[in-house]
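Single-letter residue listing:
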Amino acid sequence: DAGVIQSPRHEVTEMGQEVTLRCKPISGHDYLFWYRQTMMRGLELLIYFNNNVPIDDSGMPEDRFSAKMPNASFSTLKIQPSEPRDSAVYFCASSFMQGDNSPLHFGNGTRLTVT
Amino acid sequence: EDQVTQSPEALRLQEGESSSLNCSYTVSGLRGLFWYRQDPGKGPEFLFTLYSAGEEKEKERLKATLTKKESFLHITAPKPEDSATYLCAASSGGSYIPTFGRGTSLIVHP
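What this report covers is the structure whose coordinates are included nearby. Predicted model only: the values in this text are computed from it and were never measured. (Residues numbered from 1 in each chain as written. Chains lettered and ligands numbered in written order. Predicted model: local features only at pLDDT ≥ 70, side-chain atom pairs only at ≥ 80, totals over all residues. Heavy atoms only, no water.)

1. Observations regarding the pattern of salt bridges
Convention followed: Any carboxyl oxygen of Asp or Glu within 4 Å of a side-chain nitrogen of Lys or Arg constitutes a salt bridge here. Secondary structure counts use DSSP, requiring at least four H or I residues in a row for a helix and at least two E residues in a row for a strand, with both numbered from the N terminus. Under the scheme applied here, a residue whose accessible area is under 20% of the maximum for its type counts as buried, over 50% as exposed, and between as partly exposed, the area being computed with a 1.4 Å probe on protein chains only.
Within the structure shown, the criterion is met by twelve salt bridges over all chains. Across the salt bridge formed by arginine 64 of chain A and aspartate 86 of chain A, the nearest N and O atoms sit 2.7 Å from each other. You can see arginine 64 of chain A sitting in the loop between strand S6 (53-56) and strand S7 (65-71) and its partner aspartate 86 of chain A sitting in the loop between strand S8 (74-79) and strand S9 (88-95), a full 22 residues away along the chain. One exposure class covers both arginine 64 of chain A and aspartate 86 of chain A, and it is buried. The residue lysine 63 of chain B makes a salt bridge to glutamate 56 of chain B at a minimum N-O spacing of 3.9 Å. Overall, the relative accessible area of 48% leaves glutamate 56 of chain B in the partly exposed class. Members of the salt-bridge network, linked through shared partners, are Glu62, Arg64, Glu83, Arg85 and Asp86 of chain A.

Structural data, given as structure tokens:
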């Protein structure tokens, strides 16, 4: 398996623009997570899905952030409008929980810079 | 609220100089304690899962141990290629979703 695939790897945009980050999880995994990583706050969980259904979005910082998972092989994280404080590395991860602890498998992230 | 604290924040070692990284956790009913390695520009990569106090797991120069309040990642005779950030995460009885620590940045000098 190719692992979790994220695109784009890098995104540079101007304040106020819409940004869409994409993720393809590992086939067969039933959980999908979106994390944000910064030097100040480390890894923060933004939202996670189980079987394509959003379970907990309490980590989403503001209404400017939204996430969807239209099918088992694709998810998006959208920021509209973007602000400079959104600059961070955004990771997608997937896992096959099966009612037990399974490790998360991370993609290589999207580095977002908002100027 | 679940909490995971890692120390030190940064560690510099000479090649061959063994040391340990610490992960202290406060969770209600530990389900699993995870260690990940993260290289620059990459996502975290899974290393180990520990489930109960007294458990140990090894992989090459790394050994992870677990007590009721802490986990240690022991690095024996490290090499420069062991340089990375090591992340610890814990999941509690109420959720399978792990809480991550801030990580320890390890640099091993040749």
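2. Observations concerning unusual backbone geometry
With an omega dihedral of -10°, the bond running from serine 7 of chain A to proline 8 of chain A counts as a cis peptide bond. Examined against the element boundaries, proline 8 of chain A turns out to sit in the loop between strand S1 (5-7) and strand S2 (10-13). Of note, the bond from glutamine 80 of chain A into proline 81 of chain A is cis; its omega dihedral lies within 30 degrees of zero at -5°. Relative to the helices and strands, proline 81 of chain A is located in the loop between S8 and S9. In this model, glutamate 60 of chain B sits at a positive phi of 55°, which is unusual for a non-glycine residue. Its location among the elements puts glutamate 60 of chain B in the loop between strand S6 (56-59) and strand S7 (62-66).

3. Structural notes on the sheet that holds S7 of chain A
Residue and element names in this part refer to chain A. As a reminder of what qualifies: Only when DSSP finds a minimum of two bridges between them are two strands counted as paired. Helix axes are fitted to C-alpha atoms over the stretch in contact, other axes to C-alpha atoms as well, and angles between N-to-C directions run from 0 to 180 degrees.
Taken in spatial order, the four strands line up as S1-S3-S8-S7 in an open sheet, and their pairing is antiparallel. One side of each edge strand has no neighbouring strand; the edge strands of this open sheet are S1 and S7. Averaged over neighbouring strand pairs, the angle between their axes works out to 15° when direction is ignored. Bridging between S1 and strand S3 (residues 19-24) involves three bridges; their strand directions are antiparallel. Its bridge partner lying in S3, isoleucine 5 is registered against lysine 24.

Remember that the coordinates give geometry; whether it matters functionally is a separate question.
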